[in-house]
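# Structural features, examined
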Amino acid sequence: MRRPADFQAKEPGRRTYLDGVRAAAPIGVAALAFGVSFGVLARAAGMGRVAPVVMSVTTFAGSAQFAVASILGAGGGLVTAIIAAVLLNLRYGPIGLSAATTFDGPWWRRALTAQLIVDESWAIAQRDDGRLDRHLLIGAGLLLLVGWTTGTVIGTLAGDLVADPESLGLDAAVPALFLAQLWSQIRERSRLLAAIGGAAIALVLMPFTGPGIPIVAASLACLVGARRPR
Amino acid sequence: MSAVWISVIVVGVATMAIKAAGPLLLARRTLPPRAQAALEHLAPALLAALVVTQALGGDNGGFTIDARLAGLAAGATALLLRAPSWSSSPPPPSPPPWFAWSPDGGTARAALRRPAPG
């Protein structure tokens, strides 16, 4: 697991929510820009103005939201969109497990604060002892949520002005966005193998199936991880 | 109810449940190692499939080669150089690993500046 080296505790001082906000500030700017492109794309996919914003607040997971927007926009169907998005977000199962002891308080507060877990806030909150810093995670997660949602609002409004996002080349940016997320996921050889396997399965199926199916089938490539349990 | 709202609600509820599951239920239990390892490989497999389908997918199935491949190449180049492409200042000596968001913003902006194809 890579850690944000800049934020390893040099002194054992307690971290505050504001430390988390500061740590996430550079990514927050990108989350805003990313949110704008999601808003524009979702609007172009026929999701309207309100639904993408509701989705950014509740789902709060970039790749899954892009998957839903692009599959619905391509006419791929409701079920494939939902399955692809849920499969994408299944990674928050084990990530949530690693954060299981991080939160305290009554069940509803643990459930609520757990919503602030995204890949980046989770990475920022890593501590030396292998546990997560609750304050860093909440501060970083809140900033990313605000940036992501604000960007989505701007994007859905700009979608009115932008008739065809393809003419802006926004569709050219989408694969690169996924590549950037994939890049941060590949931390070891077996994950690279899973990525290659997923890409290969998708490539083979694409000529024969509708949009979405290749993505769902590609999830089978995760089984390369089960060969060699750690 | 429209397909859009059904997907927003179902995906939202499912995601919130997945995120909350660990902190709510499994504070002391863990999955079997093989299941855990497979789950950890789900994200790279799915993201790679998304890269491929979004870069090459046509409107009616099959493949289409267009500007999206150029965008992908630009993104890959930015990642290989690890350049924080949103700023014109020289890159910091060692960007932290979680800086993976920077090419996103830069690529989106670069794409916005591109002349309209066709």
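Quick caveat: nothing in here was measured; it's all calculated off a predicted structure.

### Side note on the overall build of chain A
Summing up its helical and strand segments, chain A has 11 helices and 0 strands in all. For chain A, the sequential pattern of α-helices and β-strands runs α-α-α-α-α-α-α-α-α-α-α. Across the 230 residues of chain A, 56% fall into the buried class. A sequence separation of at least 24 residues applies to 71% of the contacts in chain A between residues at least 6 apart.

### Topic: the packing of aromatic side chains
Residue and element names in this part refer to chain A. For the structure on display, the rule yields 4 aromatic pairs over all chains. Judged by centre distance (5.4 Å) and plane angle (55°), the ring pair of phenylalanine 34 and tryptophan 148 falls under tilted. Placement of the pair is phenylalanine 34 in helix α1 (residues 17-44) and tryptophan 148 in helix α8 (residues 134-161), with a sequence separation of 114 residues. In terms of burial, phenylalanine 34 and tryptophan 148 fall into one category: buried. Every member of this aromatic cluster is reached through a ring pair, and the members are Phe34, Phe38, Phe66 and Trp148.

### Points about the packing of helix α2 (residues 33-40) of chain B against helix α3 (residues 42-56) of chain B
Residue and element names in this part refer to chain B. Between α2 and α3, whose axes approach to 4 Å, the crossing angle comes to 30°. Taken together, the axis directions place α2 and α3 in an arrangement best described as roughly parallel. In this structure, α2 uses Ala38, Leu39 and Glu40 to contact α3, whose residues at the interface are Leu42, Ala43 and Pro44. A class-by-class count of the residues in the contact of α2 with α3 yields 5 nonpolar, no polar and 1 charged.

### Some remarks on the confidence of the model for chain B
Residues and elements named next belong to chain B. A residue-level look at chain B finds 62% of positions with pLDDT of 70 or above and a mean pLDDT of 70. Note that pLDDT drops below 50 for residues 84-118; the model gives that stretch 56 contacts with residues more than four away or on any other chain. We note a pTM of 0.65 for the whole complex and an ipTM of 0.75 for its interfaces.

### Points about the confidence of the model for chain A
Per-chain confidence: chain A averages 83 in pLDDT, with 83% of residues scoring 70 or above. Below pLDDT 50 for its whole length, residues 1-11 of chain A participates in 24 contacts with residues either more than four positions away or in separate chains.

Thresholds, definitions, all that
Residues numbered from 1 in each chain as written. Chains lettered and ligands numbered in written order. Predicted model: local features only at pLDDT ≥ 70, side-chain atom pairs only at ≥ 80, totals over all residues. Heavy atoms only, no water. Helix = DSSP H or I, 4+ residues; strand = E, 2+ residues; numbered from the N terminus. Buried < 20%, exposed > 50% of the residue type's maximum accessible area, 1.4 Å probe, protein only. Contact = heavy atoms within 4.5 Å. Phe/Tyr/Trp six-rings, centres within 6.5 Å; stacked < 30°, edge-to-face > 60°. Axes fitted to C-alpha atoms, helices over the stretch in contact; angles between N-to-C directions. Parallel < 35°, antiparallel > 145°, perpendicular 65-115°, else oblique. Nonpolar A, V, L, I, M, F, W, Y, C, P; charged D, E, K, R; others polar. pLDDT = per-residue confidence, 0-100.

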